[in-house]
Structures are given as structure tokens and as C-alpha cells.
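# Observations on the model geometry
Listed below, chain by chain, are the residues.
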Amino acid sequence: MEKQNVIEVNNLKKNFRVKEKESGLKGSIKSIFKTKYQNIRAVNNISFNVKEGEMLAFIGPNGAGKSTTIKMLTGILYPDSGSIRVLNIDPTKQRKKLAYEIGTVFGQKEQLWMHLTPLDNFKFFGAIYDLSKEETDKRIKELKTLFDLDKFINTPVRNLSLGQRILCEISASLIHNPKILFLDEPTIGLDPVVKQSIRKLIRNMNKKFNTTVFLTSHDIADIEKLCKRVIIVNHGKIVVDDSMSNLKKEEGTLEEIISRIYKGEEKHHEKVLGNIQS
Amino acid sequence: MLTEVKNQLKITSLSIKYAIMREMLNKGTFIMKVIFMLLNDASFIVQWIILYSIKSDIGGYTFEQILLLWGFAAGTFGITRFLFKNAFSLSDHITNGKLDCYLVQPKNVLLSIITGESDTEALGDIIYAYILLFISGVTLGKLLLFTVLLIAGSIITINFAIILGSLSFWFGRSDYIADTGNGLITNFATYPDGIFSGIPKALMYSLVPIGFIIYIPVKLISEFNLLYTIVILTVTIITTILAFIIFYKGLKKYSSSNLMMSKI
């Protein structure tokens with residue numbers, strides 16, 4: 001039986017209006033009287049689908065439009081045009097309804113209360129998602145086993161290591177058993193050992209709960225070890241949408257292949273882009 | 001619908017509880033902050049004691065009314081900063097992309113933001129407000145009316161702060177507008193409105209709604225008036241609706257950011 005699409009994105013566009021200023025004090029004074037704006041195309045007409053249970057790497061160089069896309073998919077940002085359906089829900093119109101169904105982890109932004117213990121945080125998140133006390137306790141027990149949280153579940157978050165904190169962030173975002181987990185650079189700043197264990201846990205979670213994973217990361221190992229499919233964006237456009245195995249058929253290591261695609265030097269880029277456009 | 005409201009209230013109260021708990025981590029500092037806030041407030045009333053020893057009527061206010069005026073000023077300041085501190089830094093939240101973590105939760109974004117932090121020393125202001133009410137002479141009716149009007153005034157103050165803070169959705173860094181507007185409320189709140197006339201007085205009952213937060217409540221405590229009560233309730237409801245409409249209209253223009261940050 002063919003798996004259903006859980007994410008459907010069509011012709012999505014998002015521009016940002018950014019102030020432009022000449023350098024130095026003179027430039028600052030000039031900009032007071034005459035402000036110039038530049039229109040940045042953060043996301044430029046992208047379309048893709050993601051299937052249920054899929055683990056997708058959504059990657060690209062800095063400023064390529066990854067985070068903007070993820071923020072539109074989760075209802076944080078409004079698109080300028082195009083359509084999004086996540087679990088058949090429009091994030092722009094039913095943000096709250098969607099929030100019950102998805103989990104999000106932003107490696108650069110923590111959602112936990114730092115002075116509370118992970119346990120209290122999980123209970124708070126259980127209340128946010130309207131879970132009963134019994135449901136929350138049951139889910140905490142499951143996550144405790146899955147992520148091996150026993151040693152620090154009663155230590156205030158502010159006293160945890162970065163790795164433990166990220167584990168707790170992921171656990172908190174899974175408290176309501178979401179169907180899709182959006183991970184925006186979840187392993188940023190972590191040491192290789194912790195990264196490895198987090199990858200293992202994400203894989204286990206995907207297997208156990210069939211959670212769809214939408215991952216953005218600059219860490220090649222994250223992408224290689226977790227995802228079977230890769231979408232590469234650059235300058236707001238999709239330049240590659242292919243399987244990991246196909247991508248790896250190109251010459252060199254995965255890092256070299258991806259670097260060449262980022263620079264626009266890779267043949268695979270043209271080949272696959274041709275497929276996407278057709 | 002009712003369950004949704006119940007769940008939202010549960011989260012709002014939990015959020016306030018956790019924000020207060022964070023500020024109370026250091027008990028010694030917390031108690032000292034509250035005491036010093038009380039002393040700070042008390043020092044101002046000394047000036048009025050001196051003024052009223054020279055003159056019995058200032059701006060149409062008796063000394064008891066000045067006590068009530070200060071009671072409302074300190075009380076609304078205290079409640080709003082103690083429970084909804086983030087309403088006064090909404091502009092910063094918007095311009096620095098701090099709304100993301102609230103937007104991915106299935107709860108009311110605005111309520112989640114404004115209850116995310118507490119200024120515990122403001123508890124001193126709340127205590128001080130009730131001390132002044134007792135000094136001015138209290139009855140049960142007066143105590144209830146004072147509390148209701150204090151809550152209404154606090155809601156109007158928060159709504160005003162939300163409207164000003166939401167301007168950042170359209171104008172970017174406009175925290176100076178919000179700070180000036182919120183500062184005007186605090187500055188004017190401690191003077192009797194009888195000393196103002198013309199445009200400043202008109203502003204106090206329109207753009208800077210201090211009249212509905214402080215002056216009319218003082219008049220209502222001195223002499224109950226049904227029309228004034230209806231006016232206060234109407235302004236509370238209208239400003240609440242306005243605050244929500246403006247915030248949610250602006251939210252569509254929210255542009256987030258990729259700053260590194262944590263909810264400390």
C-alpha cells in the first residue's frame with residue numbers, strides 16, 4: 001500500500017524586505033532621510049511532498065531558505081503565495097490545530113523553562129497539549145526509556161549539559177506523540193558522541209512511532225545516517241530532490257558532492273534540477 | 001469551547017506560576033526587592049503629606065483621594081508587572097524573533113507571551129496599593145470596588161502596552177514608542193487630573209488612557225456612579241478587543257529571526 005503524503009507544498013514563495021544602508025556614519029545619516037529597501041527572495045517558488053514515516057533532509061547553505069521554509073510549514077511565518085498542507089491542515093489558517101499534530105525542535109532556540117527540571121517541563125508541555133495527568137505520566141515513562149533520561153530528569157535544565165538539554169528539547173517536543181517532527185539543526189554545538197546518540201534515538205523514534213522526520217542540518221553525518229531522501233535548496237529554490245543513494249553515486253565523499261552542489265558545480269545538480277523542472 | 005478556555009486558563013496560570021517561581025529562586029533577594037519597592041513607593045507619599053500640610057485641596061483632590069490615586073497607580077503598575085511583564089517587552093519579542101517557541105504551541109500566542117515573565121518586586125507595589133487603601137479608610141464595599149477597578153485598570157494598561165508593542169510588526173524597532181507610551185502612564189498616574197486641562201486632559205481620556213485606569217476609578221471610590229462604571233467596563237472590553245485584533249493582524253507580518261537564544 002502506498003504511503004500517504006503528510007506534507008504537500010506547492011509554489012511556495014516568501015520575500016523579506018530588508019533595509020539597505022551605506023557603510024559608516026555618513027551612510028547611517030543618509031539612511032535616516034532616504035531609506036532604501038531590498039527585496040530578498042528567501043523562498044522562491046518551491047514545491048515538494050513528504051510521505052508518512054519518511055526521514056527527509058532539507059539542506060542548503062546559510063541563507064538558502066531552509067529555516068524560512070520550516071517556519072512556514074509549522075505556522076510561524078505566513079507565506080507570500082503558494083499553498084501548504086501539513087497533515088491536510090493549512091498552517092496559516094489552523095495553526096493551533098496543526099500544533100497538536102507536530103513537534104518542533106529548533107537547535108538555536110530553547111523552548112524549555114531553564115529553572116525547572118525536565119520532569120516539570122514535560123508536565124508543563126503535557127498540559128500545553130491538553131493531555132491528562134495519566135497520559136502525560138505514561139508518555140514521560142516511554143520517553144524516559146527511549147531517551148535514557150533517568151539520570152537527569154530531576155535536575156534543573158540550566159544545570160544540564162548541552163547534549164542533555166537537546167535530548168530534553170526533543171523529548172518535550174514528542175510528549176504529545178506528534179505525527180511529524182521538525183528538527184532545525186538539532187545537533188548544533190554538540191560533540192560527536194552526543195550527536196551519534198541523538199541520531200540513534202531519532203532513528204529509534206522513527207521506527208517505533210513511524211514519526212515523519214523533517215530535518216535541516218549542516219552536519220553531513222546527520223543527513224547521511226538518518227535520511228534516505230535529500231532536498232537541497234539554494235537561493236530559495238530547490239536544486240536537488242533525490243534519494244541519498246542516488247546522490248552518493250556521484251564522485252567523491254558526500255560532503256564533497258554537497259559542497260559542489262552548493263557552489264553550483266555539480267552535474268547531478270543540473271541533471272536532477274532538470275527532472276524537477278520537467 | 002468551554003474546555004478550550006479551561007485549558008488555556010490552566011496554561012496561563014501555570015505559566016505565571018513558573019515565571020514567579022523562577023524569580024523566587026533566591027528568596028533573600030526576592031524579599032529585599034519587595035521591601036525596597038515598598039520603601040521606594042512610600043518615599044513619594046511623604047512629599048504629598050508635606051504639600052497637604054500647606055494646602056488642603058490640590059487639583060480638586062483631598063488627601064484621601066491622593067492616597068487612592070497612588071493606590072491605583074501602584075496597584076495597576078504592580079499587577080501588570082508581576083503577572084504580565086512581557087507585555088512591556090513585546091516589541092523586543094517581535095523584532096528579535098522570540099515568538100517562535102509560542103507559535104508552535106496549540107495555545108493563545110499573546111497570552112503565552114505576556115505571562116512568560118514576572119517582575120516579583122512589583123509585589124511590593126501591590127501590597128503598597130492596599131496599605132494606602134486601608135490608610136484612606138476602608139469598608140468591605142470599598143475594598144471590593146477597589147479590587148475590581150484595579151483589575152480593570154490593569155487590563156487597560158496591558159492592552160495599551162500590547163497595542164504599542166504590536167507596532168513593531170509594522171515599524172520594526174519601535175520599542176521607544178512603547179517605552180514612551182508606557183512611561184507616560186506611569187508619569188501621569190501620580191498627579192491629580194485637576195492640574196491638567198485642554199489637550200493633555202483630552203489625551204488622558206483617549207490616546208493615553210490614564211483617565212480610565214486611575215482618575216475615574218478614584219472618583220468612583222469617592223462617590224459611586226453607575227455611568228462611570230459602565231464607561232470603565234466598556235473601555236476595558238473595547239481595548240481588549242483592539243489589542244487582540246492589532247496583535248493578530250500584525251502577527252501575519254512577523255518575520256522571526258535566527259538569533260541564538262534561550263528561555264531563561
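Residues numbered from 1 in each chain as written. Chains lettered and ligands numbered in written order. Predicted model: local features only at pLDDT ≥ 70, side-chain atom pairs only at ≥ 80, totals over all residues. Heavy atoms only, no water.

## A few points about the overall build of chain A
In terms of helices and strands, chain A carries 11 helices and nine strands. Relative to a compact globule of 278 residues, whose C-alpha radius of gyration would be 19 Å, chain A shows 20 Å and is just as compact. Projecting the C-alpha coordinates of chain A onto the three principal axes gives extents of approximately 55 × 50 × 40 Å. Looking at the 278 residues of chain A, the share that counts as buried comes to 54%. Pairs at least 24 apart in sequence give 70% of the contacts found in chain A among residues at least 6 apart. Surface summary for chain A: the accessible area is close to 13400 Å², and the carbon and sulfur share equals 48%. (Helix = DSSP H or I, 4+ residues; strand = E, 2+ residues; numbered from the N terminus. Rg over C-alpha atoms; globule rule 2.2 N^0.38 Å. Buried < 20%, exposed > 50% of the residue type's maximum accessible area, 1.4 Å probe, protein only. Contact = heavy atoms within 4.5 Å. Areas by Shrake-Rupley, 256 points an atom, 1.4 Å probe, with all protein chains shown as cover.)

## Describing the pattern of salt bridges
The final tally for this structure, using the stated rule, is 17 salt bridges over all chains. Note that Asp241(A) is salt-bridged to Arg229(A), the shortest N-O span being 3.0 Å. Note that Asp241(A) is positioned in strand E9 (residues 237-243) and Arg229(A) in strand E8 (residues 229-234), a separation of 12 residues in sequence. Note on Asp241(A): relative accessible area 25%, which makes it partly exposed. By relative accessible area, Arg229(A) is classed as buried at 15%. A salt bridge links Lys98(B) to Asp92(B); the nearest nitrogen and oxygen atoms lie 2.6 Å apart. (Salt bridge = Lys/Arg side-chain N within 4 Å of Asp/Glu carboxyl O.)

## With respect to the state of the cysteines
Should the sulfur atoms of two cysteines be covalently bonded, the bond is a disulfide. Scanning all chains against the criterion turns up zero disulfides over all chains. As a non-bridged cysteine, Cys168(A) has Cys101(B) as the owner of its nearest cysteine sulfur, 16 Å distant. (Disulfide = S-S within 2.5 Å.)

## Concerning the packing of helix H8 (residues 140-166) of chain B against helix H12 (residues 210-222) of chain B
Residues and elements named next belong to chain B. Orientation of H8 relative to H12, taken along the N-to-C sense of each, is 165°, at an axis distance of 9 Å. Of the possible angle classes, the one that applies to H8 and H12 is roughly antiparallel. The crossing of H8 and H12 is right-handed. Residues Lys142, Leu145, Phe146, Leu149, Gly153, Ile156 and Thr157 of H8 touch H12, and the partners they reach there are Phe212, Ile213, Pro217, Leu220 and Ile221. (Axes fitted to C-alpha atoms, helices over the stretch in contact; angles between N-to-C directions. Parallel < 35°, antiparallel > 145°, perpendicular 65-115°, else oblique. Left-handed = near helix turned anticlockwise from the far one by under 90°.)

Coordinates in, geometry out; function isn't part of it.
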